[in-house]
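Architecture and fold: a report
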Amino acid sequence: MSYTSVSAIVEDHDPTETEKYKELVPMFELMLHVSELLRTIRHERGSIDFDFDESKITVDEDGQVSYIGVYERRRSNQIIEDFMLAANETIAEDYFWQQIPFEYRIHEAPDTERVKQLSILISKFGYYFKASKENIHPKEFQKLLSKIEGEPCENLISRMTLRTMRQARYSTECEGHFGLSCKYYCHFTSPIRRYPDLQIHRIIKDNIHGRLDDRRLSHYDAILPKVCDDNSRKERRAEEAERQVERLKKVEYMEHHIGEEFEGIISGVINRGIFVELPNTIEGFVDVSTLYDDFYVYSQDEYAMIGESTGKKYSIGDTVKVKVPVPCNHKQLPAKAIVKRTIIKKTDTSYVPLLYIMEPGEKVDSTNHNSTIRKGELRDYIQIASNVHK
């Protein structure tokens with residue numbers, strides 16, 4: 001039995017899979033119904049669902065990337081997620097009322113200053129939500145995400161909303177979970193891959209077997225504050241390592257697609273350039289200095305890059321065609337790459353593929369990459385590229 005088989009039964013109603021697991025089908029259908037009820041309950045109380053596409057990265061035996069695409073979240077995955085959330089809430093509430101030392105997963109309300117900044121941002125796109133200095137309900141964030149669904153600014157506002165949130169952490173105090181809009185929450189369901197869950201299982205086993213005497217209770221009272229802090233710090237470190245590896249693998253993958261064209265969506269604009277997200281979840285960066293047809297200025301009010309002479313505008317949500325003709329690293333930049341305005345480099349904090357926005361009908365020669373320049377000569381070659389294409 002697999003997630004794929006269950007999805008084939010409850011979503012696709014596949015006759016072959018249904019016949020194969022016919023004795024289990026009624027249970028699967030009941031699980032689907034309960035999952036939908038749990039999801040409805042969470043939505044009604046204000047639970048926030050950030051539905052970002054996750055990357056699925058496949059590597060071969062040598063660690064080379066063979067595939068990158070969108071990780072498919074099907075109904076079978078959501079069923080298990082809904083059941084896990086319910087289990088986590090149930091255990092947390094039970095042990096809160098038993099007044100036993102415990103490790104909770106808490107998510108505090110966002111900082112009021114960050115909420116104010118988000119409110120200013122979304123107002124530029126015509127969106128508003130109810131918030132006061134003293135209180136904001138998660139349902140307001142949920143309403144905002146529903147309003148922007150399918151809009152060009154969805155990606156930007158969703159990410160800005162996520163950055164407004166505080167980081168969830170582990171604590172001995174049950175202070176609720178803002179994002180899930182619940183009073184009681186813990187991480188209980190994954191002891192084989194997450195230490196906080198294993199710690200909770202130890203406490204539960206001691207309780208079930210009658211071992212929680214005064215000595216054991218004092219033991220947990222003494223160690224849990226440090227355990228919670230340590231788990232929170234190591235979680236953040238692991239997540240950052242995962243992000244960096246994912247970014248590196250994406251750059252390595254793009255190096256094998258020299259000369260290929262992609263259609264992408266502008267996912268962000270800053271004063272230094274434009275972010276473009278491809279359908280396979282890879283996000284690249286177009287440096288403003290490589291937009292050779294005009295002098296572009298960043299408009300913070302419109303979150304767009306606007307040409308001073310032509311008025312040409314690159315805005316969030318616009319579709320653009322990009323190309324990656326030349327791979328290089330941060331120490332040595334091929335001259336051809338600069339003239340053609342495309343590089344892949346390593347920044348101070350992460351690996352980022354840099355892309356080139358193609359003009360209609362333009363052809364890029366991805367051959368003859370032998371010429372090289374020193375990094376200090378980058379500005380001169382950008383100027384040469386600008387003159388050549390005027």
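Structural data are supplied above this passage.
Residues numbered from 1 in each chain as written. Predicted model: local features only at pLDDT ≥ 70, side-chain atom pairs only at ≥ 80, totals over all residues. Heavy atoms only, no water.

Let us now look at the nonpolar core. Judged by nonpolar contacts, the single largest core of 38 residues is most densely connected at Phe129, Phe141, Ile274, Val276 and Tyr314. Those elements that provide at least two residues to this core are strand S2 (65-70), helix H5 (112-123), helix H6 (138-148), helix H7 (154-164), helix H9 (214-254), strand S5 (261-270), strand S6 (273-277) and strand S11 (319-323). Counting 17 residues, the second largest nonpolar core, distinct from the first, contains Tyr104, Ile106, Tyr184 and Ile200. (Core = buried A, V, L, I, M, F, W, Y, C linked by side-chain atoms within 4.5 Å. Buried < 20%, exposed > 50% of the residue type's maximum accessible area, 1.4 Å probe, protein only. Helix = DSSP H or I, 4+ residues; strand = E, 2+ residues; numbered from the N terminus.)

This part covers the pattern of salt bridges. Applying the stated rule across the entire model yields 24 salt bridges. Asp82 serves as the salt-bridge partner of Arg42, at 2.9 Å between the closest nitrogen and oxygen. Here Arg42 is found in helix H3 (residues 25-45), whereas its partner Asp82 is found in helix H4 (residues 75-98), with 40 residues between them in sequence. We note a salt bridge from Arg45 to Glu89, for which the minimum N-O separation is 2.8 Å. Taken together, the residues span a long stretch of sequence, with Arg45 in helix H3 and Glu89 in helix H4 at a distance of 44 residues. (Salt bridge = Lys/Arg side-chain N within 4 Å of Asp/Glu carboxyl O.)

For the rest of this paragraph, the subject is the side chain of Ser158. Topologically, Ser158 is positioned in helix H7. For Ser158, the side chain forms a polar contact with the main-chain oxygen of Glu154, separated by 2.8 Å. (Polar contact = N/O pair within 3.5 Å; in protein donor to acceptor, adjacent residues only side chain to side chain.)

Glancing now at the packing of aromatic side chains. For any two aromatic rings, the description comes down to two numbers: the centre-to-centre distance and the angle of the planes. Scanning the model with the defined rule gives nine aromatic pairs in all. By way of ring pairs, the aromatic residues Tyr95, Phe102 and Tyr104 are connected into one cluster. Between the NZ or CZ atom of Arg105 and the centre of the ring of Tyr170, over which it lies, the distance is 4.6 Å. (Phe/Tyr/Trp six-rings, centres within 6.5 Å; stacked < 30°, edge-to-face > 60°. Lys NZ or Arg CZ within 6 Å of the ring centre and 35° of its normal.)

Here we come to the pairing of S5. Of the strand pairs in this sheet, S5 and S11 are connected by five bridges, and their pairing is antiparallel. Paired with Gly264 across the two strands is Val320, which belongs to S11. As judged from the five bridges shared by S5 and S6, these two strands associate in the antiparallel manner. The residue bridging Ile265 from the neighbouring strand is Glu277, located in S6. In this antiparallel pair of consecutive strands, S5 and S6, the connection spans two residues. (Pairing = 2+ DSSP bridges.)

Take the sheet that holds strand S9 (residues 304-307) next. Here three strands make up an open sheet; going across it, the order is S8-S9-S10 and the pairing antiparallel. The open sheet has two free edges, formed respectively by strand S8 (296-299) and strand S10 (313-315), since each of these has just one partner strand. Neighbour to neighbour, the strand axes of the sheet diverge by 20° on average, direction disregarded. Where S9 and S10 come together, three bridges link them in antiparallel fashion. Within S10, the residue paired with Met305 across the bridge is Tyr314. (Axes fitted to C-alpha atoms, helices over the stretch in contact; angles between N-to-C directions.)

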